[in-house]
Amino acid sequence: MTRWRPVIILPLLVLASWAVLALLAQHLPLQPDRIQLEFILAVPGEGALLGYDDLGRSIGERMIVGARTSFLVSAWVVCLSLLVGTLLGTASAYHGGWWDRIAVLTVDVFLAFPGILLAIALAGLLGPGIDNVVIALTLVGWVGYARLSRAQVLSLKHREHVQAAEALGASKWRIIRKHLLPLMLAPLIVEATFGIAAVVIAEAGLSFLGLGIQPPGASWGAMIRDGSRYMLVAPHMVIVPGVAIFAVVLSVNLLGDRLRDKLDIRMMSEEKGRA
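Residues numbered from 1 in each chain as written. Predicted model: local features only at pLDDT ≥ 70, side-chain atom pairs only at ≥ 80, totals over all residues. Heavy atoms only, no water.

Caption draft 1: Representation of the overall build of the chain. Scanning the chain from terminus to terminus reveals 9 helices and 0 strands. Counting only C-alpha atoms and orienting by the principal axes, one finds that the chain spans roughly 75 × 50 × 30 Å. For the chain, the share of sequence-separated contacts (at least 6 apart) that also reach a separation of at least 24 residues comes to 72%. As presented, the chain carries roughly 15,100 Å² of accessible surface, and 69% of it is formed by carbon and sulfur atoms. (Helix = DSSP H or I, 4+ residues; strand = E, 2+ residues; numbered from the N terminus. Contact = heavy atoms within 4.5 Å. Areas by Shrake-Rupley, 256 points an atom, 1.4 Å probe, with all protein chains shown as cover.)

The structure is reproduced here in structure tokens:
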């Protein structure tokens, strides 16, 4: 057990710091848009722990605001995608017939396009802005949850307890809510965990392309885009947000892997107990 502790504690600290900074950003005395010409491209030092950008703005303060941007986008996109995908996948698999065929065809159409390219196209059509980024990523992200929930329902709806509830006259909604969704939560939670990492990268990519939050708003992807022009003279403008994205995504993936292992072991033990 001891060998797993660093793998759990360090990612938890990273994600907890990310969440706390994101939630407290509005209440902190920050001035992320304050221009100080005397500090243009200043390297990290005593004046600012993470240095200044090409306009003399504090990179540390803009990193905190950027953490709020990535956190809110990730939370909204994952929650909306999980809700829409689970409802559509569960309903299509449970009802079957032509509804299921249409749902499967729709999912296949969305999967025919690379996710990030489809998100770029949708964000381009909707226009730049953080709200449109959430909409575009949600329209792309629901597909994975729909496929997963459909596969889970197809494997669960023929179990004895579901058939017993149907024989007793329980409504379809009650069967889905009481007998199917509780058994589907574990894989859906794991999928949502990995979805957070994907959304963080996607939001940074769209902001890098100018389709995300607009100036003077702060985003980690936009900060990398602005700093790419000064890589030789001020590499900290790219390194700092790049390391932040790397740390958050790696932490989410490590915790997702650990959570998946835990849930798999628990589910296997439950199956053995029932047998």
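Caption draft 2: Summary view of the packing of helix H7 (residues 172-208) against helix H8 (residues 220-227). Running from amino to carboxyl end, H7 crosses H8 at an angle of 40°, the nearest separation of the two axes being 7 Å. Compared by their axis directions, H7 and H8 come out oblique. As H7 runs across H8, the sense of the crossing is right-handed. Taking contact as the criterion, the partners of Ala204, Ser207 and Phe208 in H7 are, on H8, Gly221, Ala222, Ile224 and Arg225. In the contact of H7 with H8, the residues fall into 4 nonpolar, 2 polar and 1 charged. (Axes fitted to C-alpha atoms, helices over the stretch in contact; angles between N-to-C directions. Parallel < 35°, antiparallel > 145°, perpendicular 65-115°, else oblique. Left-handed = near helix turned anticlockwise from the far one by under 90°. Nonpolar A, V, L, I, M, F, W, Y, C, P; charged D, E, K, R; others polar.)

Caption draft 3: Spatial organisation of the packing of helix H2 (residues 59-95) against H7. The geometry of H2 relative to H7 is characterised by a closest axis approach of 8 Å and an angle of 145° between their N-to-C directions. The handedness of the crossing between H2 and H7 is right-handed. Its residues assigned to classes, the contact of H2 with H7 shows 15 nonpolar, 7 polar and 2 charged.

Caption draft 4: Representation of the environment of leucine 49 in the model. Counting through the fold element by element, leucine 49 comes out in the loop between helix H1 (5-24) and H2. On the basis of relative accessibility, which here comes to 73%, the residue leucine 49 falls in the exposed class. Counting along the chain gives 10 residues from leucine 49 to isoleucine 59, while the straight-line C-alpha distance between them is 8.5 Å. (Buried < 20%, exposed > 50% of the residue type's maximum accessible area, 1.4 Å probe, protein only.)

Caption draft 5: Representation of a nonpolar patch on the surface. Nonpolar side chains collect at one region of the surface, where Leu83, Val84, Leu87, Leu88, Trp98, Trp99 and Ile102 lie side by side and expose about 680 Å² of accessible area between them. If you list the elements that add at least two residues to the nonpolar patch, you get H2 and helix H3 (97-111). Looking at the nonpolar patch element by element, the count peaks at 4 residues for H2. Mapped onto the elements, leucine 88 comes out in helix H2. (Patch = residues over 30% accessible without salt bridge, like charges linked within 9 Å, V, L, I, M, F, W, Y side chains within 5 Å. Salt bridge = Lys/Arg side-chain N within 4 Å of Asp/Glu carboxyl O.)

Caption draft 6: Layout of the pattern of salt bridges. Scanning all chains against the criterion turns up 6 salt bridges. Where arginine 260 meets aspartate 257, a salt bridge forms, and the shortest distance between an N and an O atom there is 2.9 Å. Of this pair, arginine 260 and aspartate 257 both sit in helix H9 (residues 236-274), separated by 3 residues, roughly a single helical turn.

Caption draft 7: Structural context of the nonpolar core. In this structure, Val73, Leu137 and Leu180 are the most contacted members of the largest nonpolar core, which totals 30 residues. Contributions of two or more residues to this core are made by H2, helix H4 (115-126), helix H5 (130-156), helix H6 (160-167) and H7. In this view, leucine 137 contacts Val73, Val77, Ser81, Ala119, Val199, Ala202, Glu203 and Leu206; residues no more than four positions away in its chain are not counted. Formed by 21 residues, the second largest nonpolar core is a distinct cluster that contains Met223, Val248, Val249 and Val252. (Core = buried A, V, L, I, M, F, W, Y, C linked by side-chain atoms within 4.5 Å.)

Caption draft 8: Structural context of the environment of alanine 204. Secondary-structure assignment places alanine 204 in helix H7. Taking the C-alpha atoms as reference, alanine 204 lies 8.7 Å from isoleucine 224; in sequence the two are 20 residues apart. Contacts of alanine 204, omitting those with residues within four sequence positions, involve Gly221 and Ile245.

Caption draft 9: Geometry of unusual backbone geometry. In this structure, the amide linkage connecting proline 215 to the following residue, proline 216, adopts the cis form with an omega of 5°. By the element assignment, proline 216 lies in the loop between H7 and H8. At leucine 41, a residue that is not glycine, the phi angle is positive and equals roughly 60°. You can see leucine 41 is positioned in the loop between H1 and H2.

Caption draft 10: Structural view of the packing of aromatic side chains. A complete count under the given rule lists 4 aromatic pairs for this structure. Aromatic side chains tryptophan 18 and phenylalanine 71 sit 5.2 Å apart centroid to centroid with 80° between the ring planes, which places their arrangement in the edge-to-face category. Of the two residues, tryptophan 18 sits in helix H1 while phenylalanine 71 sits in helix H2, which places them 53 residues apart along the sequence. Measuring from centroid to centroid gives 5.4 Å for phenylalanine 110 and tryptophan 142, while their planes differ by 75°, and the two rings are edge-to-face. Here the residue phenylalanine 110 occupies a position in helix H3, and tryptophan 142 occupies one in helix H5, the gap between them amounting to 32 residues. (Phe/Tyr/Trp six-rings, centres within 6.5 Å; stacked < 30°, edge-to-face > 60°.)

Caption draft 11: Representation of the environment of glycine 217 in the model. For glycine 217, the position within the fold is in the loop between H7 and H8. As a C-alpha pair, glycine 217 and glycine 66 span 151 residues in sequence and 8.2 Å in three-dimensional space.

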